[in-house]
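So the chains spell out like this:
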Amino acid sequence: MAISIRLSRGGSKKRPYYRIVVADARSPRDGRFIEKIGTYNPLLGKEDEKRVVLDGERAAHWLSVGAQPTDRVARFLDKAGVKERAARSNPTKGKPGEKATERAEERAEKAKAAEEAANAPAETAEA
């Protein structure tokens, strides 16, 4: 049985509140879980200590048994000092896609052509 440590959403519409739970990976997001090991309230400030409440001992136990945390929960575990998370790097994240690059090149060509057209009559009128 594949076990995951993940977030289970609660709260009302546009007011999210999450439980950090240990659950079977095949069960639904908000469905049955094995154990609740913490909470996460994204509406609180980043410096607020009640934003993430986590039972580190139980999390360490479930990690030792083989539970796999999701990316967001892995961040929480790293901040709590339970499990170290390797930093990720995506160097192509800020680069525009192919179509955006083509549009930018077309705009540059049109601007250059317009600038040359604007400069050409002025030069002939001066001469």
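Below or above, wherever it landed, is the structure these notes cover. These figures come from a predicted structure and were not determined experimentally. (Residues numbered from 1 in each chain as written. Predicted model: local features only at pLDDT ≥ 70, side-chain atom pairs only at ≥ 80, totals over all residues. Heavy atoms only, no water.)

Before going further, it helps to examine the nonpolar core. Ile5, Leu7, Ile20, Val22, Ile37, Trp62 and Val73 are the most contacted members of the largest nonpolar core, which has 15 residues in total. Secondary-structure elements contributing two or more residues to this core are strand 1 (3-12), strand 2 (15-24), strand 3 (35-40), helix 1 (56-65) and helix 2 (71-80). Every residue in contact with leucine 7, bar those within four places of it in the chain, is listed here: Tyr18, Arg19, Ile20, Arg29, Tyr40, Arg72, Val73 and Phe76. (Core = buried A, V, L, I, M, F, W, Y, C linked by side-chain atoms within 4.5 Å. Buried < 20%, exposed > 50% of the residue type's maximum accessible area, 1.4 Å probe, protein only. Helix = DSSP H or I, 4+ residues; strand = E, 2+ residues; numbered from the N terminus. Contact = heavy atoms within 4.5 Å.)

Moving on, we get to the pattern of salt bridges. For the coordinates displayed, the defined rule picks out three salt bridges. Close ionic contact of aspartate 30 with arginine 29 constitutes a salt bridge, the shortest N to O distance being 2.8 Å. For aspartate 30, a relative accessible area of 36% puts it in the partly exposed group. (Salt bridge = Lys/Arg side-chain N within 4 Å of Asp/Glu carboxyl O.)

Summarising the sheet, strand 1 and strand 2 pair through 10 bridges and their orientation is antiparallel. Bridged to arginine 6 within strand 2 is valine 21. Of the strand pairs in this sheet, strand 1 and strand 5 (residues 68-69) are connected by two bridges, and their pairing is parallel. In the strand pairing of strand 5, isoleucine 5 is matched with proline 69. (Pairing = 2+ DSSP bridges.)

Take helix 1 next. Residues of helix 1 that are buried include every one of Ala59, Trp62 and Leu63, and no others. Looking straight down helix 1, one finds that the buried residues subtend no more than 100° of arc, so they occupy a single side. Seen from the open side of helix 1, the exposed residues pointing more than 90 degrees away from its buried face are Glu57, Ser64 and Val65. Buried residues along helix 1 sit against strand 1, strand 2, strand 3, strand 5 and helix 2. At the exit of helix 1 stands glycine 66, carrying a positive phi of roughly 120°. (Arc of directions from axis to C-beta.)

Before going further, it helps to examine unusual backbone geometry. Not every positive phi belongs to a glycine, and lysine 14 is a case in point at roughly 65°. Mapped onto the fold, lysine 14 is located in the loop between strand 1 and strand 2. Taking relative accessible area as the criterion, lysine 14 reaches 73% and is therefore assigned exposed.

The next thing to look at is the sheet that holds strand 1. As summarised here, the arrangement of the five strands in space is 4-3-2-1-5, forming an open sheet in which the pairing is mixed. Two strands in the sheet have a free side with no partner beyond their single neighbour: strand 4 (52-54) and strand 5. Across the sheet, helix 2 touches strand 1, strand 2, strand 3, strand 4 and strand 5, and the angle it forms with strand 1 is around 100°. (Axes fitted to C-alpha atoms, helices over the stretch in contact; angles between N-to-C directions.)

To continue, consider the pairing of strand 2. The buried fraction of strand 2 is high, at seven of 10 residues. Linking strand 1 to strand 2, which pair antiparallel, is a turn of two residues; within it lysine 14 sits at a positive phi near 65°. Two strands pair when backbone bridges link them, and strand 2 and strand 3 are joined in this way by five bridges, in the antiparallel orientation. Paired with valine 21 across the bridge in strand 3 is lysine 36.

The next thing to look at is a negative patch on the surface. A contiguous patch of negative charge, built from Glu98, Glu102, Glu105, Glu106 and Glu109, is present on the exposed surface. Mapped onto the elements of the fold, glutamate 105 is located in helix 3 (residues 98-126). Overall, the relative accessible area of 47% leaves glutamate 105 in the partly exposed class. (Patch = residues over 30% accessible without salt bridge, like charges linked within 9 Å, V, L, I, M, F, W, Y side chains within 5 Å. Areas by Shrake-Rupley, 256 points an atom, 1.4 Å probe, with all protein chains shown as cover. Lys, Arg positive; Asp, Glu negative; His and termini not counted. Charge placed at Lys NZ, Arg CZ, Asp CG, Glu CD.)

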